[in-house]
Amino acid sequence: MAAPAADHGSAGEVAFLQRVLSLIEQGQKSATYKPAVLLALINCCARRGHVADAQGMSIPVAELAAEVIRLYWDQVRPYPGLPAARSRLRQGSGDRLGGTSGRLAPARIPAAVDRLRDECGPAVRRPEQAELARPQEWQGAVRSVAEALAKRPLHRLQTMGPGSRDGVREAFLFDDSAFGEGVSGSRAITLTVDLRPGVARALVLGAPLLRPAIEVEWSRLVAAFNTLAWPEADLRSFLFDPARSGLGRVRSALIDAEGSGCFWCGQQVGSDGKCNGDKSNRLVVPGLLESWASRDRAALAEIAVDLVWPLGFERSRVTAVSAYSTLADGLPVWEARGVWRLASPDLRREALEVLESTAA
Ligand SMILES: [Zn+2]
C-alpha cells in the first residue's frame, strides 16, 4: 500500500515528483502513451479547481480518453519535416502508417484521432469544437481511446525498469488491477482511475515542473520513432504549442464584439501588441483577473452559439482556481508590460475571491 503522496512536507513532494518523472524516463519506451497518460492525468486534476483529495480522487477513463484525444489532436497533423508518403509522425516503434495487421498496424490512439479529424472535416479546427459539433464521432473516438488506455498504458504506467513486464512495479498513483489486455471497450468507459489520497494535489502542485519535463521526453521519443535529429528545431512546439491554430474565426467575432484594443492595456493592438508576449504564460494580478471576469458573457455566449464553439467559461474559471490556489510564494505575477509583483498569500486570496465571485 503506497503512502499518501504529499503529506510529508516539501521533501515528500520532491520525492513524489522524482518518482513520477522516473516513470517516463525509465519505463518502457515503445510508444508515447506513458507521457500522454501522465499529462492527461495532470490536466484532468487541474480542471477540478481546488483539489481536495484527502479521500483520493476518481477520474473516469472516458474523461481521461477525451483529454488524451485533445493532446494528440495537433500531433497527427502532417509534419513538414517528413517525406510526403508518411506525413503523420509515428508515435511508437510499431506505429506503421498504412500497415494493416499485427505489430505493423498504425498505433491505435493516434489512428483514432486521425480518423476523428477526417470525419469532422476541415471546418472543425479544434478538439473542443469536434466534441460539440460532431458528438457521435467524438464519442466513438473516446470509446476507442478509452479501450486502448485501459488495455495497456493504464496497466503498465507504474512499471519501471528496462523489462516492461517484469520491471519494478508499485502502484503509487492508483490501483491498476482493473486494467489489462482483457478489458473490452464497453467495460473501459465504465472504469475510473482512482488516484490515491494526495496524488491529485501533488500532480497539480508539481505541474509547472512535470509538464515541461514530460513534453521534452515525449518530443524525444517522437524524434526517435521518426529518425529525426534531436533536438529537432520546432518539433516540441509543433507537438505542444500549435500557435493557437484555427482561432481565426473566433478572433474576428471577438474584435466585432469587444473592439480591437489590447485585452490587457486597452491600446490598439497595431501600436501595442506586446502585452501578451511580455506576460507570456505567467498568471496575472487580481485586478486584471477582474477585467477577464467582467467580460460581457451574454455577447460571448451569442458568438459561441453562432460559431458552434464551446464557451468554456466555467472550465477556464476552475482551471484558474487550480492555478492560483497552487501558485507558490515569490513567483512573478504579471501586472503590466515590464511590471511584475511577487505571489504572496494575500495575492492568492484576492485572486481566488475574484474567481469565486464569478462562479456560475
Ligand atoms: Zn497591451
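Every residue gets a number counted from 1 within its own chain, in the order that chain's sequence is written. Selection of residues for local features in this predicted model requires a pLDDT of at least 70, selection of side-chain atom pairs for listing and counting requires 80 or more, and totals for whole chains, interfaces and linings are taken over all residues.

Take helix α15 (residues 313-325) next. Under the DSSP-based scheme used, a helix requires at least four consecutive residues in state H or I and a strand at least two consecutive residues in state E, with every element numbered from the N terminus. One less than the number of residues in a helix, times 1.5 Å, gives the span that helix is expected to have. Helix length check: α15 (13 residues) gives 18 Å between terminal C-alpha atoms against 18 Å at 1.5 Å per residue, within 8%. Buried means a residue has 20 or more other C-beta atoms within 10 Å of its own C-beta, exposed means 12 or fewer, and partly exposed covers the counts in between; C-beta atoms are placed from the backbone. Listed as buried for α15 are Ala320, Val321, Ser322 and Tyr324. Working definition of a contact: two residues with C-beta atoms, positioned from the backbone, lying within 7 Å. Turning to α15, the residues buried within the fold contact α2 (33-46), α9 (199-225) and α16 (345-357).

On to the packing of helix α4 (residues 108-120) against helix α6 (residues 135-151), then. To get an axis, fit a line to the C-alpha atoms, keeping to the stretch in contact for a helix; angles then go from 0 to 180 degrees between the N-to-C directions. One can describe the packing of α4 onto α6 by two numbers: an axis separation of 9 Å at closest approach and a directional angle of 175°. Between α4 and α6, the crossing angle belongs to the class labelled roughly antiparallel. Within the contact between the two elements, α4 uses Arg108, Ile109, Ala112, Val113, Leu116, Glu119 and Cys120 and α6 uses Glu137, Trp138, Ala141, Ser144, Val145 and Ala148. By the convention adopted, Pro, Cys, Tyr, Trp, Phe, Met, Ile, Leu, Val and Ala count as nonpolar, Lys, Arg, Asp and Glu as charged, and the other residues, Gly among them, as polar. Taken together, the residues of the contact of α4 with α6 break down into 9 nonpolar, 1 polar and 3 charged. The labels follow the angle: roughly parallel below 35 degrees, roughly antiparallel above 145, roughly perpendicular from 65 to 115, and oblique for the rest.

With that out of the way, let us pick up the environment of Ile303. Along the chain, the position of Ile303 falls in helix α14 (residues 297-307). Residue Ile303 is classed as partly exposed on the basis of its C-beta count, with 17 C-beta atoms lying within 10 Å. Put simply, Ile303 and Val250 are 53 residues apart on the chain and 8.1 Å apart in space, counted from C-alpha to C-alpha. Not counting chain neighbours up to four residues away, the residues in contact with Ile303 comprise Ala253 and Ala257.

So, about the nonpolar core. Generally speaking, nonpolar side chains in soluble globular proteins are found buried as a group. Put simply, a nonpolar core is a cluster of buried Ala, Val, Leu, Ile, Met, Phe, Trp, Tyr and Cys residues tied together by C-beta atoms within 7 Å. Within the largest apolar cluster, 72 residues are counted, with the highest numbers of intra-cluster contacts made by Val68, Val145 and Leu149. In terms of residue count, α9 provides more of this core than any other element does, 12 residues in total. If we skip the residues at most four places from it in the chain, Val68 touches Ala36, Ala40, Ile109, Val145 and Leu149. Ranked by size, the runner-up nonpolar core spans 11 residues in total, among them Leu288, Val321, Tyr324 and Ala351.

So, about the environment of His155. As for its placement among the helices and strands, His155 is situated in helix α7 (residues 153-156). Assessed through the 18 C-beta atoms surrounding it within 10 Å, His155 is described here as partly exposed. C-alpha separation for the pair His155 and Gly180, spaced 25 residues apart in sequence, amounts to 5.4 Å. Non-local contacts of His155, meaning those with residues more than four positions away in its chain, are made with Asp176, Phe179 and Gly180.

It is worth stressing that arrangement in space is one thing and function is another; only the former is reported here.
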